[in-house]
Amino acid sequence: MSNKLFFGILFLAVLNSCLKEEIPVPKHQPEDVIMNEVNLSSDYKWQIYFNLEENKVVGEHLKTIWDLGFESEPDNHNIILNSSKAMCVYPTNETDLQFVNDTVNYTSNKKFDEPNGDLTKTAIGDWTSGKVYIIDSGFDEVGAHLGFYKVKFLAADENTYEFVMAPLSSSVHDTILLPVDDAYNFSFFNLSTGQQVMVEPPKEDWDLVFTQYTHIFYQPAQTPYLVTGCLLNRYQTKAVLDETTSFEDVNLELASALQLAGDINVPGYNWKEFSGDNFITHSNKTYIIQDQSGFFYKWRFIDFYSATGEKGNPVWEYQKL
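Residues numbered from 1 in each chain as written. Predicted model: local features only at pLDDT ≥ 70, side-chain atom pairs only at ≥ 80, totals over all residues. Heavy atoms only, no water.

**Some words on the overall build of the protein**
Piece 1. The secondary structure content of the protein amounts to two helices and 20 strands.
Piece 2. Over its C-alpha trace the protein gives a radius of gyration of 26 Å, far above what one expects of a compact globule, namely 20 Å for 321 residues.
Piece 3. The C-alpha extent of the protein, read off along each of the three principal axes, is 105 × 55 × 35 Å.
Piece 4. For the protein, buried positions account for 45% of its 321 residues.
Piece 5. In the protein, the proportion of contacts linking residues at least 24 apart, taken out of those at least 6 apart, comes to 56%.
Piece 6. With the model as given, the accessible surface of the protein reaches about 16500 Å², and the carbon-plus-sulfur share is 50%. (Helix = DSSP H or I, 4+ residues; strand = E, 2+ residues; numbered from the N terminus. Rg over C-alpha atoms; globule rule 2.2 N^0.38 Å. Buried < 20%, exposed > 50% of the residue type's maximum accessible area, 1.4 Å probe, protein only. Contact = heavy atoms within 4.5 Å. Areas by Shrake-Rupley, 256 points an atom, 1.4 Å probe, with all protein chains shown as cover.)

Below you can see the structure in the form of structure tokens.
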């Protein structure tokens, strides 16, 4: 055997030995199971935003501080209602605000946003028709009605929405130029103050919001109902409910094989139910959530009461898979 051939075989053997040592990949290990909770208060007056990766609250505010949300995506211009106040809209055929002064003849056409967050099925819908909308601002946490307004949406581009608004009975209206920033899902507006308000954190900073919201029961007839629960961030966040696999047995392989959805109400409200005088939590319902970074989590609610017995206090445990 020549020296060149000998050293060539020796080199390949050494190289192969090194490669064999580098091939093994450590077995994937999920992180620890974490428990946490938030307090919405017993009258459900707070909206609270949560970051899964950091396991912390990243924003909170009273649910009554906003009425309308204007989509910040440059190519889309949908407008949502604050469903935590049971807000709704009465479309009209009028194009001039001065001819709309009450709800007579309009209440039979009441519209709500779809609870799943579908932006093609909002109460306001295609506002480019130039028609006036009567907006019912809903109710605060003690059930007081917050008034009616009339709004006509005029134009929108990637930076600004323009609209005119007034209290329903008023003959004087304001023209609003509302700036938007695509670092956020929406730009928010308070009709009673006529001012823009900061509501959601930047869209990349949160995953879930705990809040009241309006659910629509469609049988036997459309019935809106305020419920309290958990909604997804609309920005690249998905989830699915698994009721067949125990929380302990859900792993990354199973989670990544499931078909997750972007409906914001996948966690929703019915992980609990009212029975007798108390809420019962269904801890057998396991939710698989995929955040905007692509990481999977398994999640289950274990209580709706604080340690002192106050309702409106979701308690959960979850694990990064």
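Resuming the write-up.
**Observations concerning the sheet that holds strand β9 (residues 160–167)**
Piece 1. Pairing in this open sheet of five strands is antiparallel, and the strands run β6-β7-β8-β9-β10 from one edge to the other. The open sheet has two free edges, formed respectively by β6 (88–91) and β10 (174–179), since each of these has just one partner strand. The sheet shows a mean angle of 35° between the axes of neighbouring strands, direction not considered. (Pairing = 2+ DSSP bridges. Axes fitted to C-alpha atoms, helices over the stretch in contact; angles between N-to-C directions.)

**Points about the sheet that holds strand β12 (residues 195–197)**
Piece 1. Within the open sheet, the four strands sit side by side as β5-β4-β11-β12. Their pairing is antiparallel. Each having just a single partner strand, β5 (79–81) and β12 make up the two edges of the open sheet. For this sheet, the mean angle separating the axes of adjacent strands, direction not counted, is 35°.
Piece 2. The pairing of strand β11 (residues 186–190) with β12 spans three bridges and is antiparallel. Considered in β12, the bridge of F188 is made with V197.

**Let's talk about the nonpolar core**
In a soluble, globular protein the nonpolar side chains are often hidden away together inside.
Piece 1. Judged by nonpolar contacts, the single largest core of 37 residues is most densely connected at L52, F210, W299, F301 and W316.
Piece 2. Of all the secondary-structure elements, those providing two or more residues to this core are β2 (46–51), β11, β13 (208–217), β14 (223–232), β18 (286–290), β19 (296–305) and β20 (311–320).
Piece 3. In contact with F301, other than residues within four places in its own chain, are F210, C230, W271, T281, H282, S283, Y287, P314, V315 and W316.
Piece 4. The next biggest cluster of nonpolar side chains, apart from the first, holds 22 residues, and it includes I124, Y149, L178 and L191. (Core = buried A, V, L, I, M, F, W, Y, C linked by side-chain atoms within 4.5 Å.)

**Comments concerning the packing of aromatic side chains**
Piece 1. Tallied over the entire structure, the rule returns 28 aromatic pairs.
Piece 2. Relative to F301, the ring of W271 has its centre 3.8 Å away and its plane inclined at 10°; by these criteria the two rings are stacked. Highlighted residues: W271 in the loop between α2 (252–257) and β16 (272–275) and F301 in strand β19, separated in sequence by 30 residues.
Piece 3. On the accessibility criterion, F301 (0% relative accessible area) is buried.
Piece 4. Their ring planes at 70° and their centres at 5.6 Å tell us that W299 and F301 sit as a pair that is edge-to-face.
Piece 5. Over the aromatic face of F247 sits the side chain of K298, whose NZ or CZ is 4.8 Å from the ring centroid.
Piece 6. The cationic tip of K320 hangs over the ring face of F295; the distance from NZ or CZ to the ring centre is 3.8 Å. (Phe/Tyr/Trp six-rings, centres within 6.5 Å; stacked < 30°, edge-to-face > 60°. Lys NZ or Arg CZ within 6 Å of the ring centre and 35° of its normal.)

**Focus: unusual backbone geometry**
Piece 1. Positive phi is not limited to glycine here, since S41 has a value of about 75°.
Piece 2. With respect to the secondary-structure elements, S41 resides in the loop between β1 (34–37) and β2.
Piece 3. On the basis of relative accessible area, S41 is assigned to the buried category, the value being 10%.
Piece 4. Of note, the phi angle at Y44 is positive, near 60°, even though the residue is not glycine.
Piece 5. Position of Y44 among the secondary structure elements: in the loop between β1 and β2.
Piece 6. The exposure class assigned to Y44 is buried, which follows from its relative accessible area of 11%.

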